[in-house]
2 protein chains.
Amino acid sequence: MSEAPHLTFDLDSRGASRGYLVVPGGIDRGELSLPVFSLNEGEGPRLLVTGGNHGNELEGPLIARRLIDWLPEAQTCGRVIVLPVLNPLAVQAWSRNTPLDGLNLNRVFPGRADGSVTERIADAVSRILLPAADTIFDLHSFGPTWNFPAAATTHPISDPDLMARTVRMAEAFQLPLTLVWQHNETAGMFDMVAQNQGKVFVCAELGGGTVGANSLAIYEAGVRNALLALGLVDGEPEYPTYRQQKSGKTLETRPSDELKSPATGIFEPRCSVLDEVKRGDIIGVLHPMNSLTAESINIRAPEPAIVLGIGSGAHVEINEGVALLARPLTIR
Amino acid sequence: MSEAPHLTFDLDSRGASRGYLVVPGGIDRGELSLPVFSLNEGEGPRLLVTGGNHGNELEGPLIARRLIDWLPEAQTCGRVIVLPVLNPLAVQAWSRNTPLDGLNLNRVFPGRADGSVTERIADAVSRILLPAADTIFDLHSFGPTWNFPAAATTHPISDPDLMARTVRMAEAFQLPLTLVWQHNETAGMFDMVAQNQGKVFVCAELGGGTVGANSLAIYEAGVRNALLALGLVDGEPEYPTYRQQKSGKTLETRPSDELKSPATGIFEPRCSVLDEVKRGDIIGVLHPMNSLTAESINIRAPEPAIVLGIGSGAHVEINEGVALLARPLTIR
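Residues numbered from 1 in each chain as written. Chains lettered and ligands numbered in written order. Predicted model: local features only at pLDDT ≥ 70, side-chain atom pairs only at ≥ 80, totals over all residues. Heavy atoms only, no water.

Visitor: Just checking my understanding: could you explain the pattern of salt bridges for this structure?
Guide: If the charged atoms of two oppositely charged side chains come close together, the side chains can form a pair. As enumerated under the stated definition, the model contains 32 salt bridges over all chains in all. Linking Arg79 of chain B and Asp12 of chain B is a salt bridge whose minimum nitrogen-to-oxygen distance equals 3.2 Å. Within this pair, whereas Arg79 of chain B is found in strand β5 (residues 78–83), its partner Asp12 of chain B is found in the loop between β1 (6–7) and β2 (15–23), the two being separated by 67 residues in sequence. Given a relative accessible area of 57%, Asp12 of chain B falls into the exposed group. The network of salt bridges with common partners includes Arg66 and Glu220 of chain A together with Glu268 and Arg270 of chain B. (Salt bridge = Lys/Arg side-chain N within 4 Å of Asp/Glu carboxyl O. Helix = DSSP H or I, 4+ residues; strand = E, 2+ residues; numbered from the N terminus. Buried < 20%, exposed > 50% of the residue type's maximum accessible area, 1.4 Å probe, protein only.)

Visitor: Hey, could you run me through the relation of the copies chain A and chain B in this one?
Guide: Between the two copies of the chain lies a rotation about an axis combined with a shift along it. For the match of chain A to chain B, the screw axis carries a shift of 0.0 Å, the RMSD comes to 0.0 Å, and the turn is 180°. Each copy turns onto its partner about a two-fold axis. When C-alpha distances to the rotation axis are compared across chain A, the minimum falls at Gly209 of chain A, with a value of 2.9 Å. (Least-squares fit on C-alpha atoms with pLDDT ≥ 70 in both.)

Visitor: So what exactly am I meant to see when it comes to the pairing of strand β2 (residues 15–23) of chain A here?
Guide: A regular strand places its side chains so that they alternate between the two faces of the sheet. Residue and element names in this part refer to chain A. As paired strands, strand β1 (residues 6–7) and β2 are joined by two bridges and run antiparallel to one another. The residue bridging Leu7 from the neighbouring strand is Leu21, located in β2. Where β2 meets strand β3 (residues 32–41), nine bridges bridge the pair, whose relative direction is antiparallel. Bridge pairing in β3 links Gly19 to Val36. (Pairing = 2+ DSSP bridges.)

Visitor: Honestly, helix α1 (residues 59–74) of chain B in this entry has me stumped. Any pointers?
Guide: For an α-helix, the turn length of 3.6 residues means that residues three or four places apart are oriented alike. Residue and element names in this part refer to chain B. With 16 residues, α1 ought to run about 22 Å at 1.5 Å a step, and its terminal C-alpha atoms sit 22 Å apart, in line with that. Roughly 30° is the biggest bend found in α1, and it falls at Ile68, with proline Pro72 one to four residues downstream. Taken across its 16 residues, α1 has 12 buried, putting it largely inside the fold. If you check which residues of α1 are buried, you get Glu59, Gly60, Pro61, Leu62, Ile63, Ala64, Arg65, Arg66, Leu67, Ile68, Trp70 and Leu71. (Expected span 1.5 Å × (residues − 1). Bend = angle between axes of the 7 residues up to and from the residue.)

Visitor: Where do I start with the confidence of the model for chain A in this structure?
Guide: Any residue range with low pLDDT should be treated as having predicted coordinates unsuitable for detailed reading. Averaged over every residue, the pLDDT of chain A is 95; the share at 70 or more is 98%. Among the prediction metrics, the complex's ipTM stands at 0.93, with pTM recorded as 0.94. (pLDDT = per-residue confidence, 0-100.)

Visitor: Teacher, can you tell me more about the sheet that holds strand β13 (residues 265–269) of chain A here?
Guide: In sheet architecture, strand pairing relies on hydrogen bonds along the backbone and comes in two forms, parallel and antiparallel. Taken in spatial order, the four strands of this open sheet run β16-β15-β13-β18 (chain A), and their pairing is antiparallel. Each of the sheet's edge strands pairs with one partner strand only, and the pair in question is β16 (297–300) and β18 (314–316) of chain A. The sheet shows a mean angle of 35° between the axes of neighbouring strands, direction not considered. The sheet contacts of α1 of chain B involve β13 and β15 (282–287) of chain A, and relative to β13 of chain A the element is tilted by about 80°. (Axes fitted to C-alpha atoms, helices over the stretch in contact; angles between N-to-C directions. Contact = heavy atoms within 4.5 Å.)

Visitor: I would appreciate a short explanation of the packing of α1 of chain B against helix α6 (residues 213–230) of chain B in the present structure.
Guide: Two packed helices can be described by the angle between their axes and the distance between those axes. All names here are of chain B. Contact geometry for α1 and α6: axes closest at 10 Å, N-to-C directions at 55°. When the axis of α1 is compared with that of α6, the two are oblique. Relative to α6, α1 is oriented so that their crossing is right-handed. For the pair α1 and α6, the contacting residues are Glu59, Leu62, Ile63, Arg66, Leu67, Trp70 and Leu71 in the first and Leu216, Ala217, Tyr219, Glu220, Val223, Arg224 and Leu227 in the second. Broken down by class, the residue content of the contact of α1 with α6 amounts to 10 nonpolar, no polar and four charged. (Parallel < 35°, antiparallel > 145°, perpendicular 65-115°, else oblique. Left-handed = near helix turned anticlockwise from the far one by under 90°. Nonpolar A, V, L, I, M, F, W, Y, C, P; charged D, E, K, R; others polar.)

Visitor: Where do I start with the packing of aromatic side chains in this structure?
Guide: To describe a pair of aromatic rings, you give the distance between the ring centres and the angle between the ring planes. One pass over the structure, following the stated rule, counts 12 aromatic pairs over all chains. Relative to Phe173 of chain A, the ring of Phe137 of chain A lies with its centre 4.8 Å away and its plane at 65°, an arrangement referred to as edge-to-face. Separated by 36 residues along the polypeptide, Phe137 of chain A in strand β6 (residues 135–140) and Phe173 of chain A in the loop between α4 (160–172) and β9 (177–181) bring together distant segments of the chain. As far as the burial class goes, Phe137 of chain A and Phe173 of chain A line up, both buried. Measuring from ring centre to ring centre gives 3.7 Å for Phe142 of chain B and Phe148 of chain B, while their planes differ by 5°; the resulting arrangement is stacked. Both residues of the pair, Phe142 of chain B and Phe148 of chain B, count as buried. An aromatic cluster is built from Phe142, Trp146, Phe148 and Trp181 of chain A, whose rings are joined through pairwise contacts. (Phe/Tyr/Trp six-rings, centres within 6.5 Å; stacked < 30°, edge-to-face > 60°.)

Visitor: Just to check I follow, could you spell out the interface of chain A and chain B for this structure?
Guide: Where interface size is quoted, it is often the accessible area lost as the parts come together. Listed as interface residues are 48 residues of chain A and, on the opposing side, 48 residues of chain B. If you sort the residues of chain A by the area they bury against chain B, Arg65, Thr210 and Leu292 of chain A come out on top, with a joint share of 20%. Two residues, Arg66 of chain B and Glu268 of chain A, come together in a salt bridge whose shortest N-O distance is 2.5 Å. Remark: the boundary between chain A and chain B carries 18 residue pairs in polar contact (both at pLDDT 80 or more). The leading source of residues in the side of chain A that touches chain B is helix α1 (residues 59–74) of chain A, at five residues. Grouping the constituent residues of the side of chain A that touches chain B by class yields 26 nonpolar, 17 polar and five charged. (Buried area = accessible area lost by both parts, 1.4 Å probe. Polar contact = N/O pair within 3.5 Å; in protein donor to acceptor, adjacent residues only side chain to side chain.)

This is the structure in structure tokens:
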């Protein structure tokens, strides 16, 4: 049995610390050392920022790196812990899941000390870092195959007070979109473990597609806005301009808002993120691959909605998700 | 021995035809039927349009589909053959190369009748479709991991007359960028086989990243502009607006213009496509993954240039390409 998960430095030390969260080895591989930064300025909010939960969503690790650069000059109180890459094995493979065990880190929380490497990462984070924070920002994105606006999201939370505080925290990012996302596959999510402990957990979905310089500036501004709202840093929020508009929308999306491909073939997107669509509007077209005489199939909006995310033009299987719709938030 | 590659219809039939290019089976798999469209309006230019040469570049197959939709109403003369998907096995896998034999279709031309499936596709196209065209547009893109403007490209051609005609044809797309691309890995490209036969071959690189509705409109306009220039359809060219500018640039890029990662780690793009950079400007930053105390490495422009393409924020290996620079065309 290897040693227990631990940090190589003391979170209670004042000032900036850089070290590692050590994830013990197991039957599948040796120990992992995840680089961690902590800045302790005494009393105040206790924030944990994580990125790289999924290995093909690099927006989070890059914003976490930028945060580490400017926090020492900016933070006035409290403690911020930054773990840029939760799952380095998935990041190295540019893969959503961990190649070694095939697991999705964000479905195995709180993890298992005697599990496979993905479960051991979740266990180390749950036991060592989560107790040290009251607020958590886990920085995701929609990955390379979707167009998606920069969003701060939460799932519905049964405790109405925690739900209200979480939505307010998400809105404080001032990103183009704040989203309450109701879906059915939430078991094992980092979010759930944190929220069950009464913590405010915001899952940022920092866009989709390629990670470029202009988008990173928007995401960085959003995270800084949230730190301002927490009182960890001083200054004025900057509301990033997205598609010529500065004001954000707060929307909700439900499982029935996911549009799926009616057949296997090539998906052609016909609308763009944040488009408003009427019932019957064409969202995209599915082209069969094996014939130029078979009809292409229009995929239409089942009701009035706002286009939240739209899949990239690509080959899709039947019933694969190709678009996500949303509407103004009614549940708070 | 299975039958020879063939078309299931006669290209000389007048009007629109839809059928298949049959690629014979071999030791690795059975025969493939690639859907083909042809519209024969008699005398005039003979054009072949192909897409899906690489399986994670779906812009081409989608623009080819759109072309098939509007050509019957628009084409006034000549013959246009459209093969939306050259490599369905790669498209189904969203993979640059063919999973079955690991080959890059665009490096095995003119192919081999007794080779593996990728070589048999190249052989069928080279023997059946290429002789039926004087001009070829092969619709590529930069794929999901690069930001790249919509471009019509050619490699340098030793015959100066063919070079001049090819650059003029590429410029006729009126895309944001026309590019003469000098690189060292051209053996087995579709381009070379066609150009060696004196044909005008334009390789379109229809952007990079996700395939969205707005970008597809630009690419479609570019292909229509080229058909107008050939005299195959009537009408006025539409110059698509890209980043608030309508006029295109004609640039060249050389092997030394590819900037490579100085180490393994996470690449952060710091500039955008078509940015003009001075010598020493930061193009991107390479962050080591295994430490927060190791210095991140700035990747700088070695000379004044225009940013042609920039890699998405992602994990990269040492010496992996992360940016492509270019400058105004001097070789014509």
